[in-house]
Amino acid sequence: MFKKSIKAYEDAKIVIPGGVDSPVRAFGGVIGTPPFITKGKGSYLYDVDGNKYLDFVQSWGPLIFGHCDKDIEKAVIKTAKLGLSFGAPTELETELANEIVEMFPHIDKVRFVSSGTEAVMSAIRLARGVTGKNDIIKFEGCYHGHSDSLLVSAGSGMATFGAPSSPGVPSDLIKHTILSEYNNIEQLEKCFKESSDIACLIIEPIAGNMGLVPATQEFLKACRELCTKHGALLIFDEVMSGFRASLHGSYGSNNIQADIITFGKVIGAGMPVGAFASNDFIMGHLSPLGKVYQAGTLSGNPVAMAAGLVSLQKIKKDKELYTKLNEKAVMLTSGLQKVALKHNIPLQVDTRGSMFGFFFCEEVPANMKEVGKCDFKRFATFHHEMLKRGFYFACSQYEAGFICETMTKKEIKATIKAADVVMGML
Ligand SMILES: *Cc1c(COP(=O)(O)O)cnc(C)c1O
């Protein structure tokens, strides 16, 4: 059933390192070969062998309305016909910035870039530029893109491939990155004691790159208070959770105001977009207003802006969207947990809006170390058997899953039914 994908993978490996343009796509942590995709429609993916899958990955988050949403498709085609890029300002950028600013009382300005990696990298430079300090605190298991100084214990693809950090990153660049344990206030306090040169603390407030592991309210509160006390900026990396967990990202559930927020994924609806946002004072340091340099030939690309704009407008129009998405996420995860229990398999689950996670382990993990105790072999078999039955889950236990608007309760019931059979084999 994967014959053509196996051949496509072999062909790809000759001219593309590992056959993929982003390592997690290689299915390194699970069994089998990655299906090569030909198209998507609504909640479904189709591969070169003609297999059809219910898609719980959704391009790793961006597609909250599923594949080929008619409104987004229309806006993209209309905009593309007017020219793909100008390297000059367009009104679309202002419109999309307005949609984002409107959702956060503490955000005045947004700068668009072309990826989440770029957004975070720029946010860090801005934080250093504003504070005049050098050190950054990051947490084990949080992923903030692949820029040099953030590629330390970065969860997700890095964890799947077992590389603690990457060759090619000089230790001189890492020496300003202080690592701390997620959800551990005591350790964080120590970091602030050890360095008086902390420019910023960066965190995924709802971590989705070590599986779904939300930070506790107390922990985020401590992050906020410690940053304020020590004159460091708090950066919420919401490239994944922004417009996925709620209309207001993590702010919707924890009410904590970060100094800088980074976005990506959903705000581009499948097109390459990232953004970082902050108040007037902080953004005033950014070139051309201030001295912190940051730029991009394709930044704020009109076609990408059009896709993001329609996506956010649709999100805002449906007042019940996140309630409905979460209902389906809870239905899925509680269903998976129930069938796991039936087969005597311990399974921990959680959801935030349209995000969900499940772990084959005895206790709910609160940090990267605890996620590491999960049964990865069991996950790999689960993943492979579900894939064979037409259910496309993320190919690593270190990844969150996503519900999209087009997914029906019937489809989720079918997923649970298949999981019942598969859990019986684990
Ligand atoms: C995906 C992700 C990034 C990186 O975004 P890219 O568009 O892949 O560069 C950064 N931070 C978080 C939290 C992410 O989930």
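The structure this text deals with has already been given above.
These numbers come from a predicted model, not from an experiment.

> Quick question: what am I supposed to make of the site of the ligand here?
Near the ligand the following residues occur: Ser-115, Gly-116, Thr-117, Tyr-143, His-144, Gly-145, Glu-204, Asn-209, Asp-237, Val-239, Met-240 and Lys-265. For the ligand, an oxygen atom lies 3.1 Å from a polar atom in the side chain of Asn-209. Note that a nitrogen atom of the ligand is positioned 2.7 Å from one of the side-chain N or O atoms of Asp-237. Relative to its unbound accessible area of 380 Å², the ligand is 83% covered by the protein chains.

> Help me understand the packing of aromatic side chains in this model?
In this description, an aromatic ring pair is defined by two values, namely the gap between the centres and the angle between the planes. Counting across every chain of the model gives 19 aromatic pairs. Taken together, a centroid distance of 6.2 Å and an interplanar angle of 35 degrees make the contact between Phe-358 and Phe-379 tilted. Taken together, the residues Phe-358 in strand 14 (residues 355-359) and Phe-379 in helix 14 (residues 376-388) connect sequence positions 21 residues apart. Residues Phe-358 and Phe-379 agree in their burial class; the two are buried. Ring centres 5.5 Å apart and planes at 75 degrees place the aromatic pair Phe-358 and Phe-382 in the edge-to-face group. Residue Phe-358 is located in strand 14, and its partner Phe-382 is located in helix 14; the two are separated by 24 residues in the primary sequence. For Phe-358, a relative accessible area of 9% puts it in the buried group.

> When you look at the pairing of strand 13 (residues 348-352) in this model, what are you seeing that I'm missing?
Looking along a regular strand, one sees side chains alternate from face to face of the sheet. Relative to strand 14, strand 13 runs antiparallel, the two sharing 5 bridges. Bridge pairing links Asp-350 to Gly-357 in strand 14. In sequence, strand 13 turns back onto strand 14 through a hairpin of 2 residues, with Gly-353 there showing a positive phi of about 55 degrees.

Procedures and definitions
Residues numbered from 1 in each chain as written. Predicted model: local features only at pLDDT ≥ 70, side-chain atom pairs only at ≥ 80, totals over all residues. Heavy atoms only, no water. Near = heavy atom within 4 Å. Polar contact = N/O pair within 3.5 Å; in protein donor to acceptor, adjacent residues only side chain to side chain. Areas by Shrake-Rupley, 256 points an atom, 1.4 Å probe, with all protein chains shown as cover. Phe/Tyr/Trp six-rings, centres within 6.5 Å; stacked < 30°, edge-to-face > 60°. Helix = DSSP H or I, 4+ residues; strand = E, 2+ residues; numbered from the N terminus. Buried < 20%, exposed > 50% of the residue type's maximum accessible area, 1.4 Å probe, protein only. Pairing = 2+ DSSP bridges.

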